[in-house]
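In case you want the letters, here they are:
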Amino acid sequence: MAFNAEQLARYSRQIILKELGIKGQQKLKQARVLVVGAGGLGSPAAFYLAAAGVGHIGIIDADEVDLSNLQRQILHGTDDVGRPKADSARASLLALNPETEVRALRAFVDAGNIMGFIRDYDFIIDGTDNFPAKFLINDACVLAGKAFSHAGILRFTGQLMTYVPGQGPCYRCVFREPPPPEAVPSCRQAGVIGALAGVVGSLQAMEAVKYIVGAGALLTGALLTYNGLQGDFRKIALSRRADCDVCGEHPSITAPVDYAQAVCDA
Amino acid sequence: MPAERMADFRPDAAADVTDVVCPVTFVKALAALDELEDGRILEIRLNDGEAARNVPLSLKDEGHQVLRLTDNGDGTCALLVRKVSACPVE
């Protein structure tokens, strides 16, 4: 697969990196990444992946753009308020890089549709804002043998980890099961700094790029946390649990499951 | 390699990177090399100055074998480089 002069110029700053080169750029062009959630995390993640030349990006979101989203969800503009986020996201990604193939899906992920959504993708980015969706994406990726990036943000702190089949723990190994819905503050209740979403969502894009081109070390077997208020990054080593309900030796979860969600998250 | 032998190199392909500036010069050269098999020789036409200084160094740094750089006398140079497939980078 040859690149034309315009493509070579567009991607020149990364093609000159030894870890990428022409081969890495070809891998990016052939890659298919699914971003679940076109919000605070999904916006920077999808934006950088489109910019990097990822050939196909799927983006799922059921919501419409609200004025209160714009503080952190940089795929959407003021004129997009009221528009489905999936459509607005698609338009922004195509404006940045018209060569990207973008599939916009207006839907909530659930136990019934998640396997179908992830099937055609090489890497999945969890940019959702609630625990039921995070466990759903984890379980589906483990069951389907797909690599994915988990991330979560609240107030001034964020965390992320990467799951690759056969390498290190899954999200459920670490967090076992969703907390009771009433115990969890949502971004709506607790607040979040927009730039935090930018930091953590960009790190998710970084993981996707490294996974696709096969460079460096992924955040498998590790949770990277960021405390924006203190300016601290911490990397915590994690190991797989043999008795994990989904990726363990005797899994009790053999199909995706839906958990109840706190009403205020919806 | 003796100077007289240098003249014997026959390019297998050619690339013109005089229409772009660094680092796209290098990127265009990499793209042209990517089309070639290992051991083949590419002749690159590049502008005097920055491109003529940087592109040979960058290609060498990638592991390719820079064979010859000649002044064309018209503000451009001709660079002969042999493709050497790089080991995968960790």
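Preceding this section is the structure that the text describes.
Residues numbered from 1 in each chain as written. Chains lettered and ligands numbered in written order. Predicted model: local features only at pLDDT ≥ 70, side-chain atom pairs only at ≥ 80, totals over all residues. Heavy atoms only, no water.

Colleague: Explain the environment of A14 of chain B here, please?
Modeller: Examined against the element boundaries, A14 of chain B turns out to sit in strand β1 (residues 13-16). Leave out the neighbours within four places in its chain, and A14 of chain B touches L42 and E43 of chain B. (Helix = DSSP H or I, 4+ residues; strand = E, 2+ residues; numbered from the N terminus. Contact = heavy atoms within 4.5 Å.)

Colleague: In this structure, what is going on with the sheet that holds strand β2 (residues 56-60) of chain A? I would like to understand it.
Modeller: Pairing between sheet strands relies on hydrogen bonds along the backbone, with the strands arranged either parallel or antiparallel. Residues and elements named next belong to chain A. The sheet built from eight strands is open, its strands ordered β3-β2-β1-β4-β5-β6-β7-β8 with mixed pairing. Every other strand in the sheet has two partners, leaving β3 (101-105) and β8 (232-237) as the edge strands with one partner each. Averaged over neighbouring strand pairs, the angle between their axes works out to 15° when direction is ignored. Of the pairings in the sheet, the one linking strand β1 (residues 32-36) to strand β4 (residues 123-126) comprises four bridges and is parallel in character. The partner of L34 across the bridge, within β4, is I124. (Pairing = 2+ DSSP bridges. Axes fitted to C-alpha atoms, helices over the stretch in contact; angles between N-to-C directions.)

Colleague: Can you walk me through the side chain of S43 of chain A in this structure?
Modeller: Residue and element names in this part refer to chain A. With respect to the secondary-structure elements, S43 resides in helix α4 (residues 42-52). Taking the relative accessible area as the measure of exposure, S43 reaches 0% and is therefore buried. One polar contact links the side chain of S43 to the main-chain carbonyl oxygen of G39, over a distance of 2.7 Å. There is a polar contact of 3.5 Å between the side chain of S43 and the backbone nitrogen of I74. (Buried < 20%, exposed > 50% of the residue type's maximum accessible area, 1.4 Å probe, protein only. Polar contact = N/O pair within 3.5 Å; in protein donor to acceptor, adjacent residues only side chain to side chain.)

Colleague: What is the right way to look at the interface of chain B and chain A in this model?
Modeller: Where interface size is quoted, it is often the accessible area lost as the parts come together. Opposite the 13 residues of chain B that make contact, chain A presents 13 residues. Counting the surface lost from both chain B and chain A, the interface buries some 1,200 Å², and carbon and sulfur atoms represent 67% of this. The tally of links from chain B across to chain A stands at two salt bridges. The shortest N-O distance in the salt bridge between D34 of chain B and K23 of chain A comes to 2.4 Å. Linking chain B with chain A are three residue pairs in polar contact (both at pLDDT 80 or more). If one sorts the elements of the side of chain B that touches chain A by residue count, helix α2 (residues 24-34) of chain B sits on top with seven residues. (Buried area = accessible area lost by both parts, 1.4 Å probe. Salt bridge = Lys/Arg side-chain N within 4 Å of Asp/Glu carboxyl O.)

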